[in-house]
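# An overview of the molecular structure
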Amino acid sequence: MKAHLLSSVALSAIPLHTSAFAALPRVAESSVFFPLHVSAGRDETDDVGGSGNGGGVTSIDVSDLGLTMADLDKQIPIHDFSFESSGYQSTSRIPDVNDSGCFWSENPEDVDVTLRIPGLRGQPAEALSVLFSTTTVSVTAFGRTVWSCIQMGISDTDDCTFLTEEGEDGIPIIQLNVKKRDTEERWGGFVLQIGEDSIL
């Protein structure tokens, strides 16, 4: 009698619209649900699946993508995609001056740089040269260092090249190709700091 009474109490706790033998739908392990909207003043637990008529959460089933939660934790290999970024930087040592004299374009292997340094106005392109080190670049005019900078990353000096040519307004153009030592490192620019020995 006592066991019969307990089972009656247990059955009475089940809501009237739910059968004691009804099984809830199973959600695949790879399913991921994204809530899209929550109504103000509603309890999110009222309708988690979004199938009711007044629930506060709407969900999207993306199980057909074949992803698992473990897939979301994996790191993206750097070699599975490539990037290219570019921008302008100042060549002046004066903090308030932005002459946009350095244009850089970066890809995974190297950084292409075009320098138009206003202080070199009037200097012949053939008198200019560039000295590369692993962390710096120096521009010389007639053998004397007139401008230098610290790079954003470390370069492979054996594969760095330069070219000088005459430019508009008497400002020579210096083109650099700086090979990165670590191809997985992203510089995000070229000039980290203008060198202390720059006289321009």
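Higher on the page you've got the structure.
Our subject in this report is the structure included herewith. (Residues numbered from 1 in each chain as written. Predicted model: local features only at pLDDT ≥ 70, side-chain atom pairs only at ≥ 80, totals over all residues. Heavy atoms only, no water.)

## Points about the side chain of Gln89
Within the secondary structure, Gln89 is located in strand β1 (residues 85-89). Judged by its relative accessible area of 18%, Gln89 falls in the buried class. Side-chain polar atoms of Gln89 contact the backbone nitrogen of Val191, separated by 2.8 Å. Dropping the residues within four chain positions of it, Gln89 is found in contact with Asn98, Asp99, Ser100, Gly101, Cys102, Trp104, Gly189, Phe190 and Val191. (Helix = DSSP H or I, 4+ residues; strand = E, 2+ residues; numbered from the N terminus. Buried < 20%, exposed > 50% of the residue type's maximum accessible area, 1.4 Å probe, protein only. Polar contact = N/O pair within 3.5 Å; in protein donor to acceptor, adjacent residues only side chain to side chain. Contact = heavy atoms within 4.5 Å.)

## Observations concerning a nonpolar patch on the surface
On the surface, a cluster of nonpolar side chains totalling about 400 Å² of accessible area is made up of Leu65, Leu67, Met69 and Leu72. Locating Met69 in the fold gives a position in helix α2 (residues 69-73). (Patch = residues over 30% accessible without salt bridge, like charges linked within 9 Å, V, L, I, M, F, W, Y side chains within 5 Å. Areas by Shrake-Rupley, 256 points an atom, 1.4 Å probe, with all protein chains shown as cover. Salt bridge = Lys/Arg side-chain N within 4 Å of Asp/Glu carboxyl O.)

## A look at the nonpolar core
Within soluble globular proteins, side chains that are nonpolar tend to cluster in buried spots. With 23 residues, the main nonpolar core has Val113, Leu115, Val139, Trp147, Ile174, Leu176 and Phe190 as its most contacted residues. Secondary-structure elements contributing two or more residues to this core are β2 (102-106), β3 (110-115), β4 (128-132), β5 (136-141), β6 (144-151), β8 (173-179) and β9 (191-194). (Core = buried A, V, L, I, M, F, W, Y, C linked by side-chain atoms within 4.5 Å.)

## Focus: the environment of Gly119
Checked against the element boundaries, Gly119 lands in the loop between β3 and β4. On the basis of relative accessible area, Gly119 is assigned to the partly exposed category, the value being 41%. Separated by 28 residues in sequence, Gly119 and Trp147 have C-alpha atoms that sit 9.1 Å apart.

## Here we look at the environment of Ser148
Secondary-structure assignment places Ser148 in strand β6. The class of Ser148 is buried, set by a relative accessible area of 5%. Spatially, the C-alpha atoms of Ser148 and Val130 are 9.3 Å apart, while their sequence positions differ by 18 residues. Contacts of Ser148, omitting those with residues within four sequence positions, involve Val137, Ser138, Ile194, Gly195, Asp197 and Ser198.

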